[in-house]
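As a plain string of letters, each chain reads:
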Amino acid sequence: MGKTIAVLPGDGIGPEVTSGAVRVLETLSQKYGHNFSFVKGNIGGSGYEAEGHPLPESTLSICKKSDAILLGAVGGPKYDTLPAHLRPEKGLLAIRKELELFANLRPVTAFDALLDASPLKRERVTDVDFIIVRELTGGLYFGEPSERRGDVAVDTLVYSEQEIERIVDKAFQLAKTRKQKVTSVDKANVLESSKLWREIVEKVAQKYPEVTLEHVLVDAAAMKLITEPASFDVIVTENMFGDILSDEASVLTGSLGMLPSASLREDKLGLYEPAHGSAPDIAGQNKANPLATIMSAALLLRNSFDLHEEASVIERAVTDTLNSGYHTADLSVNGSNAKRVGTQEMVDQVIKHMAKYMPSSISK
Ligand SMILES: NC(=O)c1ccc[n+]([C@@H]2O[C@H](COP(=O)([O-])OP(=O)(O)OC[C@H]3O[C@@H](n4cnc5c(N)ncnc54)[C@H](O)[C@@H]3O)[C@@H](O)[C@H]2O)c1
Ligand SMILES: CC(C)[C@H](C(=O)O)[C@@H](O)C(=O)O
Ligand SMILES: [Mg+2]
């Protein structure tokens, strides 16, 4: 199958981790005879440096012509003095909005090899396997006005019924294929937008009688992620709550470098990126954990290309790599087989472990 993947490395560790994921995808493309082609585009601070804008027109056009998008990360202190509309993060928000990528899926899985890498007790993180469904194109990030008025600053939190309904429906659809439980997170004791959110969740839930629904206020949800993380299946929430809770949830897996994500819309085009940022503190040092981006590539194969076997080759190879003791410096792994390696060596190990699950010659 000829498929085009737009690759937007971005800033900081973005280029290091995306190049690793591209090597993984190239290996699969070759072994399965898929003929993937990769087209690079600029985004974020590097978009501004190369083309004067954090989301250049050329990048948007490449993405619109592609079958899927793989993104690294944007941002960094060297861009802090840019005017607000040229900041790297604006490029990321703009691509999500322009392409209507309203559903951000962030799976949180505790790997056996990393149960002691989390600061929580291993009993607590054993069996952690949930997914955060974060609304991605509404809420405080996009509401107008968002401005300064003298010594006052204003941001606006807006949600329409339709925006809530489509993300909540996505969450229930997913729950049907998993453990049949949805936890809706809001702040309905205070916010009007959350009251509407809860009403719509109740309405959508009626279509899915087989799925158990619970409502949890966001402050309590932040606590429960630590005290009862294995009790969750699908968590659905608005944009900013989802942003904050997903970084918190990453700690259960051992590192922010372990959390992949898929940003989806109604058709097959999707944008796949690690949940982490550009990690300026370790950029360019071959220290970044590439697994979140590699696992995002697996989500790309599953969601945009329906290549489930190929996706599971990646997922099994990641598990085997970790089981063999290989890990990057962000993961505290101490067993007798522990081997600390750099970004590129970690990618090499994943590719090595993929070999045993792939056909030895081109089969399609
Ligand atoms: N999707 C994105 O592009 C995205 C997401 C979050 C933050 N950002 C941007 O990134 C910049 C830095 O933000 P931050 O420092 O708050 O968050 P960050 O996620 O970049 O880093 C937080 C901490 O986690 C570590 N870390 C993150 N990813 C890692 C990986 N793959 N391997 C090993 N360690 C990793 C970093 O070294 C750092 O100590 C900011 O400009 C921010 O706006 C971008
Ligand atoms: C960089 C920033 C705009 C972004 C967000 O808040 O959505 C990031 O934190 C993320 O989680 O993808
Ligand atoms: Mg975030």
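This is a predicted model, so every value here is computed, not measured.

Participant: Any details on the overall build of the protein? Residues and values, ideally.
Facilitator: Along its length, the protein carries twelve helices and 14 strands. Here the protein has a C-alpha radius of gyration of 20 Å; the compact-globule value for 364 residues is 21 Å, and the two agree. Within the protein, the proportion of its 364 residues that are buried is 48%. The contacts of the protein with a sequence gap of at least 6 include a subset with a gap of at least 24, amounting to 74%.

Participant: Any chance you could break down the site of ligand 1 for me, citing the residues and the numbers?
Facilitator: Lining the immediate surroundings of ligand 1 are 22 residues, of which Gly 75, Gly 257, His 276, Gly 277 and Asn 289 lie closest. Classifying every residue of the shell around ligand 1 by side-chain character gives eleven nonpolar, seven polar and four charged.

Participant: Explain the packing of helix H1 (residues 14–32) against helix H10 (residues 291–303) to me, using residue names and the numbers behind them.
Facilitator: Look at H1 against H10: their axes get within 8 Å of each other, and the N-to-C directions meet at 40°. Between H1 and H10, the crossing angle belongs to the class labelled oblique. By crossing handedness, the relation of H1 to H10 is classed as right-handed. In this structure, H1 uses Val 17, Thr 18, Gly 20, Ala 21, Val 24 and Leu 25 to contact H10, whose residues at the interface are Thr 293, Ile 294, Ser 296 and Ala 297. Residues of the contact of H1 with H10, tallied by class, amount to six nonpolar, four polar and no charged.

Participant: Explain the site of ligand 2 to me, and be specific about the residues and the numbers.
Facilitator: Taken together, Gly 75, Glu 89, Leu 92, Leu 93, Asp 243, Ala 275 and Gly 277 are the residues near ligand 2. No other element matches helix H4 (residues 88–98), which puts three residues into the shell around ligand 2. For the shell around ligand 2, a count of residues per class yields three nonpolar, two polar and two charged.

Participant: Before we move on, could you go through the domain arrangement of the protein and cite the residues and values that matter?
Facilitator: It is common to give the size of an interface as the accessible area lost on bringing the parts into contact. Examined at the domain level, the protein breaks down into domain 1 (1–103 + 259–364) and domain 2 (118–253). If you average the C-alpha positions of domain 1 and of domain 2, the two centres end up 24 Å apart. Residue-level contacts link ten residues of domain 1 with twelve residues of domain 2. No other element matches H4, which puts three residues into the side of domain 1 that touches domain 2.

Participant: Give me the lowdown on the sheet that holds strand S10 (residues 234–237), citing residues and values where you can.
Facilitator: Taking strand neighbours across the sheet as the criterion, the ten strands line up as S2-S1-S3-S12-S11-S4-S5-S10-S8-S9 in an open arrangement whose pairing is mixed. Looking along the sheet, the strands with just one partner apiece sit at the ends: strand S2 (36–40) and strand S9 (212–217). Each adjacent strand pair in this sheet contributes to an overall mean axis angle of 25°, direction not counted. Direction of pairing for strand S11 (residues 262–264) relative to strand S12 (residues 270–272): antiparallel, over a ladder of three bridges. Each bridged residue has a counterpart across the sheet, and for Leu 264 the counterpart in S12 is Gly 270. Sitting on the sheet, helix H3 (residues 57–65) is in contact with strand S1 (3–10), S2 and strand S3 (68–73), with an inclination near 145° to S1.

Participant: So what's going on with the packing of H1 against helix H12 (residues 343–354)? Residues and values would help.
Facilitator: At a closest axis distance of 10 Å, the pairing of H1 and H12 adopts a crossing angle of 15°. Comparing the axis directions of H1 and H12 gives the class roughly parallel. The two elements H1 and H12 cross, and the hand of that crossing is right-handed. The residues of H12 that touch H1, namely those facing Glu 16, Val 17, Gly 20, Arg 23, Val 24 and Thr 27, are Thr 343, Gln 344, Val 347, Val 350, Ile 351 and Met 354. Residues belonging to the contact of H1 with H12 are distributed by class as follows: six nonpolar, four polar and two charged.

Participant: Go over the confidence of the model for the protein with me, naming the residues and quoting the values.
Facilitator: Considering every residue of the protein, the mean pLDDT works out to 97; 99% of them sit at 70 or more. Here the predicted complex scores 0.97 on pTM and 0.98 on ipTM.

Analysis parameters
- Residues numbered from 1 in each chain as written.
- Chains lettered and ligands numbered in written order.
- Predicted model: local features only at pLDDT ≥ 70, side-chain atom pairs only at ≥ 80, totals over all residues.
- Helix = DSSP H or I, 4+ residues; strand = E, 2+ residues; numbered from the N terminus.
- Rg over C-alpha atoms; globule rule 2.2 N^0.38 Å.
- Buried ≥ 20, exposed ≤ 12 C-beta atoms within 10 Å, placed from the backbone.
- Contact = placed C-beta atoms within 7 Å.
- Near = placed C-beta within 6 Å.
- Nonpolar A, V, L, I, M, F, W, Y, C, P; charged D, E, K, R; others polar.
- Axes fitted to C-alpha atoms, helices over the stretch in contact; angles between N-to-C directions.
- Parallel < 35°, antiparallel > 145°, perpendicular 65-115°, else oblique.
- Left-handed = near helix turned anticlockwise from the far one by under 90°.
- Domains from an automatic or database assignment.
- Pairing = 2+ DSSP bridges.
- pLDDT = per-residue confidence, 0-100.

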